[in-house]
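Listed below are the residues making up each chain.
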Amino acid sequence: MGEIVWRHYDQEQVNQQLNLRARTPEHADHFARWAEEGRRVRAEFPGARLDLQYGSTPPEALDYFPAATPDAPLIVFIHGGYWQSLDKADFDSFAWAWREAGFAYASLNYTLAPAARVPEMVQQVRRALIYLYESSEGLGFDRTRTVVSGHSAGAHLAVMAGITDWSVHGLPTDFPKAVVSVSGLYELELLLHSYQQPVLQIDAAQVAEISPQRLIGSLPTGSAPALLCAVGSTEPEEFQEQQKLFLDAWTARGLSGEGLTLEGDHHFNVVERLGRPGDPLFERMAALALG
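Here the structure is a predicted model, which is why all the values come from computation and not from measurement. (Residues numbered from 1 in each chain as written. Predicted model: local features only at pLDDT ≥ 70, side-chain atom pairs only at ≥ 80, totals over all residues. Heavy atoms only, no water.)

Draft legend 1. Region of the structure containing helix 11 (residues 237-252). For helix 11, with 16 residues, the first-to-last C-alpha span of 22 Å sits near the 22 Å given by 1.5 Å per residue. Listing the buried residues of helix 11 in full gives Glu238, Phe239, Gln242, Gln243, Phe246, Leu247 and Trp250. Projected down its long axis, helix 11 carries its buried residues within an arc of 155°, all on one side. Immediately downstream of helix 11, the backbone of Gly254 shows phi near 80°, a positive value. (Helix = DSSP H or I, 4+ residues; strand = E, 2+ residues; numbered from the N terminus. Expected span 1.5 Å × (residues − 1). Buried < 20%, exposed > 50% of the residue type's maximum accessible area, 1.4 Å probe, protein only. Arc of directions from axis to C-beta.)

Dropping the structure here:
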């Protein structure tokens, strides 16, 4: 074993914990199916509003899919890809399931690394949510029932949105209503010691700025969105440990949080539950918006 660089891992072991594609050889099949299903939904969904610009640069865009009835709750989804790959269109297929359940749905893009650093992505997601909040009447959803969700890197960005002081941006402090984080990382220091660092270029100051685990202490006791975290049971130990530690710290502040470990799922199939009505993760997420 080499020098310990994070918890009980040396650098090679950190890389093994983070190299999700190597652990799941069939990941390419998931990517291809997501892209194909997304293309179909974008072509067929009634009233879809595609590539709405929420910022000044081309990547700052979102897709919006209205509910069948006005003033429905809104599900916002932020894609993963280690802050450097994938696209909102890959997850537009979730829109059908949410429409059938009575929800509007929005999928976000943000500038990917290495063109942007993670703190910039956090700011872009905040701009997207402000845009949605301010556009709610024209788009036709109930902004008081907004759930922000994300997978992997998108889960991190969703949680960062959940711990934002929205009053600084002129939004109510109880926005959003809930955050759903699937397969998230909440303490980013391990990235400094990983094969991802040459692309992400995160430094120690940024780790302190954008690690949700370190920011919980700044939240007022009992004042934050409801939080649901989910992880697949076959995901790496580090992902499961980070979820446990984050939820423990979250609930210790008197905040509403719960965790799900989804039996048999790996990092890439677990997110597909968000497009599957009747699934425990889908139904719990819907309940958070409606409750």
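Draft legend 2. Quick peek at the nonpolar core. In this structure, Tyr64, Trp83, Trp98, Tyr105, Leu129 and Leu132 are the most contacted members of the largest nonpolar core, which totals 96 residues. Here the element with the most residues in this core is helix 5 (residues 118-134); it accounts for 9 residues. If sequence neighbours within four positions are ignored, Trp98 has contacts with Ile75, Phe103, Tyr105, Leu274, Phe282, Met285 and Ala286. (Core = buried A, V, L, I, M, F, W, Y, C linked by side-chain atoms within 4.5 Å. Contact = heavy atoms within 4.5 Å.)

Draft legend 3. Main features of the environment of Asp87. Assignment of secondary structure puts Asp87 in the loop between strand 5 (72-78) and helix 4 (94-100). On the basis of relative accessibility, which here comes to 30%, the residue Asp87 falls in the partly exposed class. Sequence separation of Asp87 and Val231 is 144 residues, and the distance between their C-alpha atoms is 21 Å. Here Ala89 takes part through its backbone nitrogen, which lies 2.8 Å from a polar atom of the side chain of Asp87. (Polar contact = N/O pair within 3.5 Å; in protein donor to acceptor, adjacent residues only side chain to side chain.)

Draft legend 4. Main features of the side chain of Arg273. Within the secondary structure, Arg273 is located in the loop between strand 10 (257-262) and helix 12 (280-290). Within the structure, the side chain of Arg273 is placed 2.5 Å from the side chain of Asp265, a separation counted as a polar contact. The contact partners of Arg273, leaving out residues within four places of it in the chain, are Leu262, Glu263, Asp265, Asp279, Pro280, Leu281 and Phe282.

Draft legend 5. Representation of the layout of surface pockets within the structure. Empty space within the largest pocket amounts to approximately 250 Å³. Taken together, 20 residues make up the lining of the largest pocket; nearest its centre are Arg21, Gly81, Tyr82, Ser85 and Phe268. For the lining of the largest pocket, the secondary-structure elements that each account for two or more residues are helix 2 (20-23) and helix 3 (27-44). Class assignment for the residues of the lining of the largest pocket results in 10 nonpolar, 9 polar and 1 charged. (1 Å grid on protein atoms, 1.4 Å probe; cavity = no way out; pocket = protein on both sides within 12 Å on 5 of 7 lines; lining within 4 Å. Points joined across faces, edges and corners; volume = space filled by probe spheres on them. Nonpolar A, V, L, I, M, F, W, Y, C, P; charged D, E, K, R; others polar.)

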